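# Report on the structure
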Amino acid sequence: MTSPGFRTIFEPFRIHSVEPMRMTTRQQRHDAVTQAGYNLFKVHAADVLIDLLTDSGTGAMSRDQWAAIQHGDESYAGSPSYYVFRDAVRELFPFEHVIPTHQGRAAERIIFSVLGGAGKVVPNNTHFDTTRANVEYTGAQAVDLVIAEARDPHADHPFKGNMDVAALDALLTERGADVPVVFMTITNNSGGGQPVSLANLHAVREVCDAHGKLLFLDACRFAENAWFIREREPGQADRDAADIVREMASLADGMTMSAKKDPMGNIGGWLAMNDDELAGACRNLLILTEGFPTYGGLAGRDLEALAQGLREVVNHDYLRYRIRSTAYLGEALQRAGVPILTPVGGHAVYLDARSLLPHIPPLEYPGQALAVALYETGGVRSCEIGTVMFGRHPDGTEVPASLELVRLAIPRRTYTQSHMDFVIEVCEDVARRAGELTGFRIVDEAPALRHFTAVFEPIG
Ligand SMILES: Cc1ncc(COP(=O)(O)O)c(C=O)c1O
């Protein structure tokens, strides 16, 4: 938030309760990451100083969310907390059926179990890793059709998350019978947290209508996307963010949601849609693995906290601060000459490891080398989004990812500007020593989503 006439952005909240951090030495961090097989997912969080691994479930809940938790009703069926949650979801996403799940990937597993299967093709602007994995697990093919600018980390485009509408039309013309649903990820996490414009969503809707296809949103960061629309899309500047969200929802037939992002939850998700028959099939699967449809793997108190979070996230002071503070980190890194993906996205700054470490070939994982160096240097935990995450294909081949990124994801309302100033210093320090960094090889990996558990060994 900024006050008129002043330059400083400040957090639009006061700190009400604090968590201590444990300071560590470089030697302790070196030992911790070595023991973790150089996989930052395996490092104990207590050994991390600034945890930018993900913005998922790591946000700070508000006083009013903690208060809402006290309203949680834990009835197995028909809990009042479910209806509070359902109504808060419908306030923004007025879908007929709202089905809670324990997190986003549970919603994905259910929808793709119903709609996917061998021979099917699911287009998306860019599948997130769990989305891709859940599509592929059913035997279907996940196809990314983001605009060409998105593949260039330095191309300037206000809506780099947009779908290539002509490519979508061509795919539906060629293989329409195999496409059960079209997905749009807002904002586009794997492509750099980049927004999708309303105009693009309208165009995708038209193509889906022309081919008689369902359109679903993977809407984890819907509020950040709406704020970018308000700031960047002609004619949107005076609109209420919640209103923009409702327009986005009106263009879709349904959605998956990880409520660990914009809905400000530490856990949660949902699946929503209008089609009765599809909803029935999804509910049946939900009962099998998640729970009864009025709680879906969540406690009543979680549902209450999410309902309150949904009201808070569309607040303009919050969104202005959120987007500006992410840009603050990105702009400082740019000034320091650290290559990042531009424009800066909503929830994260993505370091461009390929540009920073041109001497490390993609199959020696430059992103992993950079992420490990940030941790050893300053205890900053980040996440490789490159060949480690996307390089292994279902047929067993390994191919370099289109981008080698390291994501500094910013948990919501958790860190202050001085924490970010420290992160900037750590990145500058590592960038100065970039030429000394060496690559990694993987010595053990799972068949899918290998980045979570892979074991690495330094090369050289
Ligand atoms: C765009 C996107 N879709 C889906 C998911 C999966 O959500 P969850 O982690 O809650 O399973 C994520 C999580 O980061 C995401 O960013």
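Our structure is the block above this text.
This report concerns the structure included in the present document.

### Section: the packing of aromatic side chains
Ring pairs (aromatic) are described by centroid distance and by the angle formed between their planes. By the definition in use, this model includes 15 aromatic pairs. Their ring planes at 75° and their centres at 5.1 Å tell us that Y82 and Y83 sit as a pair that is edge-to-face. An aromatic cluster is present here, built from Y82, Y83, F85, F93, F222 and W270 joined pairwise through their rings.

### Structural notes on the environment of Q334
Relative to the helices and strands, Q334 resides in helix α12 (residues 316-335). A C-alpha to C-alpha distance of 9.9 Å links Q334 and L351, two positions 17 residues apart in sequence. Residues within four places of Q334 in sequence aside, it is in contact with I340 and T342.

### Considering the side chain of Q308
Residue placement: Q308 occurs in helix α11 (residues 300-313). The class of Q308 is buried, set by a relative accessible area of 15%.

### Re the nonpolar core
Counting 60 residues, the largest nonpolar core has F93, V182, F222, M248, M255 and W270 as its most contacted members. With near-sequence residues (within four places) excluded, V182 lies in contact with P123, M163, L168, L172, V204, C208, K213, L214, L215 and F216. Judged by nonpolar contacts, the second largest core, of 48 residues, contains V349, V426, C427 and F456.

### Concerning helix α14 (residues 366-378)
Helix length check: α14, at 13 residues, gives a terminal C-alpha distance of 18 Å against a target of 18 Å (1.5 Å per residue), a fit within 8%. The buried fraction of α14 is high, at 13 of 13 residues. Looking one or two residues beyond α14, the residue adopting positive phi is G379, at roughly 70°.

### Structural notes on helix α10 (residues 276-289)
For α10, which comprises 14 residues, the first-to-last C-alpha distance of 20 Å matches the rise-based estimate of 20 Å (1.5 Å per residue) to within 8%. All of the buried residues along α10 are L278, A279, C282 and L286. Here the buried residues of α10 occupy an arc of 95° about the axis, which is enough to place them on one side. Away from the buried face of α10 by more than 90 degrees, exposed residues D276, E277, N284 and L288 are located. In the core, the buried residues of α10 are packed alongside β2 (97-101), α4 (104-115), β6 (214-218) and β8 (269-273). Two or three places before E277, at the opening of α10, D275 has a side-chain oxygen 3.1 Å from that residue's backbone nitrogen. Within two residues after α10, G291 carries a phi angle of roughly 145°, on the positive side.

### Looking at the site of the ligand
The environment of the ligand is formed by 16 residues, the closest being R105, N189, D218, S258 and K261. Contact distances for the ligand include 2.8 Å between an oxygen atom and a side-chain N or O atom of N189. Protein coverage of the free-state accessible area of the ligand, which is 390 Å², stands at 97%. Looking at the shell around the ligand, the elements that each hand over two or more residues are α4 and α5 (129-137). Per-class residue counts for the shell around the ligand are two nonpolar, eight polar and six charged.

### With respect to the side chain of N225
Tracing the chain through its elements places N225 in helix α8 (residues 222-232). Judged by relative accessible area, N225 falls into the buried class, the value being 0%. Those residues within four positions of N225 in sequence are excluded, and the remaining contacts are I186, T187, P195, V196 and M248.

### Concerning unusual backbone geometry
The step from I186 to T187 runs through a cis peptide bond, and the omega angle for that step is -15°. Following the sequence through the fold, T187 ends up in the loop between β5 (181-185) and α7 (198-211). At the junction of T342 and P343, the peptide bond is cis and its omega measures out at -10° in the coordinates. Along the chain, P343 falls in the loop between α12 and β9 (348-352).

### Observations concerning the pairing of strand β4 (residues 141-144)
Note: strand β3 (residues 121-124) against β4, four bridges, orientation parallel. Bridge pairing in β4 places N124 opposite D144.

### A few points about the packing of α12 against helix α16 (residues 417-432)
The N-to-C vectors of α12 and α16 enclose an angle of 30°; their axes lie 10 Å apart at closest approach. As summarised for this structure, α12 and α16 are arranged roughly parallel, according to the angle between their axes. In this structure, the crossing between α12 and α16 has a hand that is right-handed. In this structure, α12 uses Y328, L329, A332 and L333 to contact α16, whose residues at the interface are Q417, M420, D421, V423, I424 and C427. A per-class count over the contact of α12 with α16 returns eight nonpolar, one polar and one charged.

### Re the sheet that holds strand β12 (residues 405-409)
The strand order across the open sheet built from three strands is β9-β12-β11, with neighbouring strands paired in antiparallel fashion. Where the open sheet ends on each side, the last strands, each with one partner, are β9 and β11 (383-385). Within the sheet, the average angular offset between the axes of one strand and its neighbour, ignoring direction, is 35°. Across five bridges, the pairing between β9 and β12 is antiparallel. Across the sheet, residue L351 finds its bridge partner in β12, namely V406.

### Focus: the pattern of salt bridges
Under the definition given, this model contains 29 salt bridges. Residue D55 pairs with R412 through a salt bridge whose shortest N-O separation is 2.9 Å. One end of the pair, D55, is in the loop between β1 (50-51) and α2 (63-69); the other, R412, is in the loop between β12 and α16, with 357 residues separating them in the sequence. Given the relative accessible area of 0%, D55 is considered buried. For R392, the salt bridge is made with E445, and the minimal N-O distance between the two is 2.9 Å.

Conventions and cut-offs
- Residues numbered from 1 in each chain as written.
- Predicted model: local features only at pLDDT ≥ 70, side-chain atom pairs only at ≥ 80, totals over all residues.
- Heavy atoms only, no water.
- Phe/Tyr/Trp six-rings, centres within 6.5 Å; stacked < 30°, edge-to-face > 60°.
- Helix = DSSP H or I, 4+ residues; strand = E, 2+ residues; numbered from the N terminus.
- Contact = heavy atoms within 4.5 Å.
- Buried < 20%, exposed > 50% of the residue type's maximum accessible area, 1.4 Å probe, protein only.
- Core = buried A, V, L, I, M, F, W, Y, C linked by side-chain atoms within 4.5 Å.
- Expected span 1.5 Å × (residues − 1).
- Arc of directions from axis to C-beta.
- Polar contact = N/O pair within 3.5 Å; in protein donor to acceptor, adjacent residues only side chain to side chain.
- Near = heavy atom within 4 Å.
- Areas by Shrake-Rupley, 256 points an atom, 1.4 Å probe, with all protein chains shown as cover.
- Nonpolar A, V, L, I, M, F, W, Y, C, P; charged D, E, K, R; others polar.
- Pairing = 2+ DSSP bridges.
- Axes fitted to C-alpha atoms, helices over the stretch in contact; angles between N-to-C directions.
- Parallel < 35°, antiparallel > 145°, perpendicular 65-115°, else oblique.
- Left-handed = near helix turned anticlockwise from the far one by under 90°.
- Salt bridge = Lys/Arg side-chain N within 4 Å of Asp/Glu carboxyl O.

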